[in-house]
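# Structural features, examined
One letter stands for each residue in the lines below.
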Amino acid sequence: MGKFLFPDEYYDSTYSIPFEKYFKKGYKAVLFDIDNTLVPHGAMQDERSLELFQRLKDIGFKVGFVSNNGEFRVREFNKPIHCEYAFKAGKPSASGFNKVMIKLGTNKDNTLFVGDQIFTDILGANNAKLHCILVNQIDKKEEIQIVLKRYLEKPVMKLYLRKHGMITKK
């Protein structure tokens, strides 16, 4: 199984990522998927996500969203945050990632991506040649097509965890 399906790193939650560490390494922007990466599927921003965006801006990061959702969903989520975004981004294509980086004035070498799905988020970030971080989904309640993809993700994730010594072969 190719590296293109593997994240560079894995955290249990977006909210446990030590973003200060990445800023010190020279990263200038963080791109996010929205649903189940920042908030439950279909939910609007909450206090925790708004605090995260403020923290990132205080650190010095530019923030953007790359989502396969329609414009209304992404625009409404973004209203109080005022970040750049790409809707109907066509993940796993790199085009949405590139579009947001152009708007932010960043590039593949100084931009991180955080998402919760392997076949859209991680594959897309790898196609865009970004440092990508996979996080656990926030909520198990999802649309059926996503639930089906989660079953396909399990063997990929098992290989990733084994490769990184997080589980051992029985």
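Every chain's residues receive numbers from 1 upward, in the order its sequence appears when written. Where local features are concerned, this predicted model is filtered to residues with pLDDT of at least 70; where side-chain atom pairs are given and counted, the filter is 80 or more; whole-chain, interface and lining totals use all residues. Hydrogen atoms and water are omitted, and side-chain values are computed over all heavy atoms in the structure.

Here a helix means four or more residues in a row that DSSP labels H or I, a strand means two or more in a row labelled E, and each is numbered from the N terminus. Along the backbone of the protein there are 6 helices and 6 strands. Mapped in sequence order, the helices and strands of the protein form the string β-α-β-α-β-α-β-α-β-α-β-α. Looking at the 170 residues of the protein, the share that counts as buried comes to 49%. Only the protein chains shown count as cover for residues, with accessible areas throughout obtained via the Shrake-Rupley method and a probe of 1.4 Å. Total accessible area on the protein stands at roughly 8500 Å², and carbon and sulfur atoms take up 56% of it. Only protein chains enter the accessibility calculation, which uses a 1.4 Å probe. A residue is then buried if its area is under 20% of the maximum for its type, exposed if over 50%, and partly exposed in between.

Okay, the sheet that holds strand S1 (residues 9-11) next. Here, any two strands with at least 2 DSSP bridges between them count as paired. One open sheet accounts for 6 strands, arranged S1-S6-S5-S2-S3-S4; its pairing is parallel. Strands at the two margins of the open sheet, each flanked by one partner only, are S1 and strand S4 (84-86). In this sheet, neighbouring strand axes are inclined to one another by 25° on average, regardless of whether the strands run parallel or antiparallel. Only the stretch in contact is used when fitting a helix axis, every axis being a line fitted to C-alpha atoms; angles between N-to-C directions are given from 0 to 180 degrees.

On to the environment of isoleucine 17. Position of isoleucine 17 among the secondary structure elements: in the loop between S1 and helix H1 (19-24). A relative accessible area of 1% means that isoleucine 17 is categorised as buried. Between the alpha carbons of isoleucine 17 and valine 135 there is a distance of 9.1 Å; along the sequence they are 118 residues apart. By definition, residues are in contact when any of their heavy atoms lie within 4.5 Å. Discounting chain neighbours no more than four positions away, the residues touching isoleucine 17 are Tyr11, Tyr22, Arg55, Val114, Ile133 and Val135.

A few words on the nonpolar core. Residue types Ala, Val, Leu, Ile, Met, Phe, Trp, Tyr and Cys, when buried and joined through side-chain atoms within 4.5 Å, form a set referred to as a nonpolar core. In terms of nonpolar packing, the biggest core is built from 27 residues, with Phe19, Phe32, Leu38 and Phe65 touching the most fellow members. For this core, the secondary-structure elements that each account for two or more residues are H1, strand S2 (29-32), helix H2 (47-59), strand S3 (62-66), helix H3 (71-78), strand S5 (111-115) and strand S6 (131-135). At 4 residues, the largest contribution of residues to this core is made by H2. Residues Leu31, Ala89, Phe97 and Ile122 belong to the second largest nonpolar core, which totals 20 residues.

Expected helix span is taken as 1.5 Å per residue step, with the number of steps being one fewer than the number of residues. Taking 1.5 Å per residue as the helical rise, H2 with its 13 residues ought to reach 18 Å, and the 18 Å between its terminal C-alpha atoms agrees with that figure. All of the buried residues along H2 are Ser49, Leu52, Phe53, Leu56 and Ile59. For H2, the buried positions fall inside an angular range of 125° around the axis, keeping them on one side. The outward face of H2, more than 90 degrees from its buried face, is lined by the exposed residues Glu47 and Asp58. Taken together, the buried residues of H2 touch H1, S2, S3 and H3. Immediately beyond the C-terminal end of H2, within one or two residues, lies glycine 60, with a positive phi of roughly 125°. The directions considered for the arc run from the helix axis to the C-beta atoms.

These values are about where atoms sit, not about what they do.
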